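Given next are the chains, with one letter for each unit.
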Amino acid sequence: MLELRLVQGSLLKKVLEAIKDLVNDANFDCSSSGFSLQAMDSSHVALVALLLRSEGFEHYRCDRNTSMGMNLGNMSKMLKCAGNDDIITIKGDDGSDTVTFMFESPTQDKIADFEMKLMDIDSEHLGIPEAEYHAIVTMPSAEFSRICKDLSSIGDTVVISVTKEGVKFSTRGDIGTANIVLRQNTTVDKPEDATVIEMNEPVSLTFALRYMNSFTKATPLSNTVKISLSSELPVVVEYKIAEMGYVRYYLAPKIEEDEDENETKPQV
Amino acid sequence: MLELRLVQGSLLKKVLEAIKDLVNDANFDCSSSGFSLQAMDSSHVALVALLLRSEGFEHYRCDRNTSMGMNLGNMSKMLKCAGNDDIITIKGDDGSDTVTFMFESPTQDKIADFEMKLMDIDSEHLGIPEAEYHAIVTMPSAEFSRICKDLSSIGDTVVISVTKEGVKFSTRGDIGTANIVLRQNTTVDKPEDATVIEMNEPVSLTFALRYMNSFTKATPLSNTVKISLSSELPVVVEYKIAEMGYVRYYLAPKIEEDEDENETKPQV
Amino acid sequence: MLELRLVQGSLLKKVLEAIKDLVNDANFDCSSSGFSLQAMDSSHVALVALLLRSEGFEHYRCDRNTSMGMNLGNMSKMLKCAGNDDIITIKGDDGSDTVTFMFESPTQDKIADFEMKLMDIDSEHLGIPEAEYHAIVTMPSAEFSRICKDLSSIGDTVVISVTKEGVKFSTRGDIGTANIVLRQNTTVDKPEDATVIEMNEPVSLTFALRYMNSFTKATPLSNTVKISLSSELPVVVEYKIAEMGYVRYYLAPKIEEDEDENETKPQV
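Residues numbered from 1 in each chain as written. Chains lettered and ligands numbered in written order. Predicted model: local features only at pLDDT ≥ 70, side-chain atom pairs only at ≥ 80, totals over all residues. Heavy atoms only, no water.

A common way to state how big an interface is: give the accessible area lost once the parts meet. The interface is formed by 17 residues belonging to chain B together with 18 residues belonging to chain C. With both chains or domains summed, chain B and chain C bury close to 1400 Å², and 47% of this area falls on carbon and sulfur atoms. Area buried by chain B at its contact with chain C is led by B:Asp109, B:Lys110 and B:Ile111, which between them contribute 35% of it. Between chain B and chain C we count 1 salt bridge in total. One salt bridge connects C:Glu143 with B:Lys110, and the closest N-O pair in it is separated by 2.7 Å. Viewed at the interface, chain C and chain B are joined by 11 residue pairs in polar contact (both at pLDDT 80 or more). Only helix 2 (72-79) and strand 9 (110-117) of chain B provide two or more residues apiece to the side of chain B that touches chain C. Among the elements that make up the side of chain B that touches chain C, the one with the highest residue count is strand 9 of chain B (8 residues). Broken down by class, the residue content of the side of chain B that touches chain C amounts to 7 nonpolar, 3 polar and 7 charged. Here 7 bridges tie strand 9 of chain B to strand 13 (residues 176-183) of chain C, and the two strands are oriented antiparallel to one another. Looking across to strand 13 of chain C, one finds that B:Met116 is bridged to C:Gly176. (Contact = heavy atoms within 4.5 Å. Buried area = accessible area lost by both parts, 1.4 Å probe. Salt bridge = Lys/Arg side-chain N within 4 Å of Asp/Glu carboxyl O. Polar contact = N/O pair within 3.5 Å; in protein donor to acceptor, adjacent residues only side chain to side chain. Helix = DSSP H or I, 4+ residues; strand = E, 2+ residues; numbered from the N terminus. Nonpolar A, V, L, I, M, F, W, Y, C, P; charged D, E, K, R; others polar. Pairing = 2+ DSSP bridges.)

Put into structure tokens, the structure is as follows:
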């Protein structure tokens, strides 16, 4: 028996929008500690990890650990039928091959039940060790989204270079080159407008913009994004979900062999 | 000689948007009592009836009963050229094969005349008898539109079931099932937000969502929609046009032979 | 050495949107007096002329006259990466085959450099003599845009007819005819809402709506448009750029041989 009641149902709608373009089918794991998901994207290049802690739900009942395989496209279709102010409850019975999403309008005058078939999905849960990163950039999520989108109109990859002074996003393509530099900036009116750089050593890494643009689908979940970079590790792009958990994306850097010196060394 | 001057010209624009997807060509009938239309949709499944009473026009002159065959797509193209605040006048001369739509801006600085060719269209006017209905549901038109759209993402048909407590809209499709229940609710701040159920006996009927979605194109005409249901009659979906008349849609229920018991009995 | 700093960078973004659909590749000419462009559209029917005077720039350095061939589609892609409040600087080095667009955010926390390859483009600069026009119509640019768009849903050409009382825009097509008359009107609250007609003699000329619709892409640059008409000359459609210059479009009238009398004589 599973019953998870989320007053701010729009969060779940946003979570689905954040992951459904990257992952087609995935197991949602439900335990006493929370509702979570870990999945590779369909081309097995990026990894997405979601956590919604049990404390964030108004009511959270999960009698035993359960894994529910869902088609995220179909789940998104159903969640789109929930109003933005609706309370969403996820319900499952032990051994059932369906899951039910219940949407209650704030006035309780409209109650909807959407029942979806579950799927059997093979998946292995990867252990992701805590790691030390060379540099961590925290910045407004909308700015990161804008930069990824803008650079995509010029090239296919982005070089992210971090120094103490700032972070540089670069690309090149047939029509020319682009460099966008953000300076560290903590003297802002609103904390979420800050760009904060924690750096142990300079780093410069290349990533496919296609994936970065998929990651920015999580922008509505959080005003800020945290980008953790290390030369030996996949980048982590993390969007915190207020008081509940996070969506994290992992992507290995590209090894660009024919890059010239200017590109591979940080030059912010 | 025909001259119908409608100060709130945007009403006519909305009427055309409400019917043009359903009906390609139709006769508008003009008499001393009003401007009206009755037409089957192009697949001869649904019927639409429009009435704009003469009292609703600022100036209404119709010397003799006239039937004007128009292509609604072309008429819509012309009416889209009227501003939302424009006064619209429909003009016709006896025996002429054209109709003129005149648009006057509120300041009278811009005057447009659009002349459209008329068509010969065979049509028979069906008498629609007043009938007793098992149940009549009055509800916010935007809510009805939202429900039809939401259910269309799951299935092709909707079962509308009415009991004293409320109205239930259900569908099923490959990815699962959906049930949306609206409770009777008359204690609302604005009368147009009420859901009111007048019921003589419970009723449960199945309709093609494709047509229901076409009917909801009339949503901008009225804050509320009235749905009249009876097991032996086509459903009537009615949008009132303030102080002038209505757009009504008629659609026969589907007979679903392989439906299971749960579907055909009301269970709100 | 070239360095042109434009505080209101959004102007340059709007200029590109105003010309990029009409012209694929063009030379921008830079001299001590300003930054300009003159180019035929790709079908060699219309001419576009742009001037941004040096006084309008916050900083303007142009050591010697330079002509820079650019692909306007690519330039537009880059300028779209500038924020609407960004300061834009155009930079070029003598003999370089690239141009750099620098975008600075108002807070200076984000600096972007976009470098674009230049092209060799053959072009001859046409001298456009000052001319006397039969009639000059000044009107709200949004109204002109609306009229061209509306008439395009009916026909392919517009007849513009000017008399002392007003200006008439007419078209005809398969579904009917349309006439839109604007009266001279100078008693308006805001000067930019006025329709002003300066007329030496009545004029009635026919133009392809396709080009007129391209010209109206300049609407965001100015609240008003000035249309100069003469029977022996191309029409000039001019959008002033506040305190800096203009975008002007030139288009030769169509000679319609099978036009009936009603069409070729002004009848406002």
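There's plenty left to go through after this.
Below, the discussion takes up the UniProt feature "domain: Proliferating cell nuclear antigen PCNA N-terminal" (unreviewed entry) in chain A. Those places that UniProt annotates as "domain: Proliferating cell nuclear antigen PCNA N-terminal" (unreviewed entry) correspond, in this numbering, to residues 1-125 of chain A. As a span, residues 1-125 of chain A carries 14% helix and 46% strand, and end to end its C-alpha atoms are 23 Å apart. (UniProt positions renumbered as here; feature names shortened; annotations may be inferred.)

So, about the relation of the copies chain B and chain C. Once chain B is rotated about the relating axis by 120 degrees and shifted along it by 0.0 Å, it coincides with chain C to within an RMSD of 0.0 Å. What the rotation and shift describe, once combined, is the action of a three-fold rotation axis. (Least-squares fit on C-alpha atoms with pLDDT ≥ 70 in both.)

UniProt's feature table lists "domain: Proliferating cell nuclear antigen PCNA C-terminal" (unreviewed entry) at residues 127-254 of chain A, given in the numbering used throughout. Regarding residues 127-254 of chain A, the helix share stands at 15% and the strand share at 45%, and the terminal C-alpha atoms are separated by 22 Å.

In this section: the interface of chain A and chain B. Contact with chain A, which involves 17 residues of that partner, is made by 18 residues of chain B. The tally of links from chain A across to chain B stands at 11 residue pairs in polar contact (both at pLDDT 80 or more). Residue contributions to the side of chain A that touches chain B peak at 8 residues, all from strand 9 (residues 110-117) of chain A. A breakdown of the residues in the side of chain A that touches chain B according to their chemical character gives 7 nonpolar, 3 polar and 7 charged.

Note: most peptide bonds trans; most residues except glycine with negative phi. Of note, A:Gln108 is a non-glycine position whose phi angle comes to about 65 degrees, a positive value. The residue A:Gln108 is located in the loop between strand 8 (98-104) and strand 9 in this model. Of note in the backbone geometry, C:Glu243 takes a positive phi value of approximately 60 degrees without being a glycine. The residue C:Glu243 is located in the loop between strand 17 (235-241) and strand 18 (245-251) in this model.

Residues and elements named next belong to chain A. With 6 of 7 residues buried, strand 3 (residues 34-40) is to be regarded as a mostly interior element. Here strand 2 (residues 25-31) hands over to strand 3 after 2 residues, the two strands then running antiparallel side by side. Connecting strand 3 to the next strand, strand 4 (residues 46-53), in antiparallel fashion are 5 residues, including His 44 with a positive phi near 55 degrees. (Buried < 20%, exposed > 50% of the residue type's maximum accessible area, 1.4 Å probe, protein only.)

Residues and elements named next belong to chain A. Taken in spatial order, the 9 strands line up as 6-2-3-4-18-17-16-10-14 in an open sheet, and their pairing is antiparallel. One side of each edge strand has no neighbouring strand; the edge strands of this open sheet are strand 6 (66-71) and strand 14 (196-199). Each strand axis lies, on average, 15 degrees off the axis of its neighbour in the sheet, ignoring direction. Pairing analysis gives 7 bridges linking strand 4 to strand 18 (residues 245-251), with the strands arranged antiparallel. (Axes fitted to C-alpha atoms, helices over the stretch in contact; angles between N-to-C directions.)

Take the packing of aromatic side chains next. Enumeration according to the criterion identifies 18 aromatic pairs over all chains in this entry. Taking the centre distance of 5.1 Å and the plane angle of 15 degrees together, the rings of B:Phe28 and B:Phe35 count as stacked. Using a relative accessible area of 0% as the deciding quantity, one classes B:Phe28 as buried. The buried category is assigned to B:Phe35, whose relative accessible area is 0%. One aromatic cluster is present, formed by A:Phe215, A:Tyr239 and A:Tyr249 through successive ring pairs. The aromatic ring of A:Tyr211 is capped on one face by A:Arg210, whose charged end is 4.8 Å from the ring centroid. (Phe/Tyr/Trp six-rings, centres within 6.5 Å; stacked < 30°, edge-to-face > 60°. Lys NZ or Arg CZ within 6 Å of the ring centre and 35° of its normal.)

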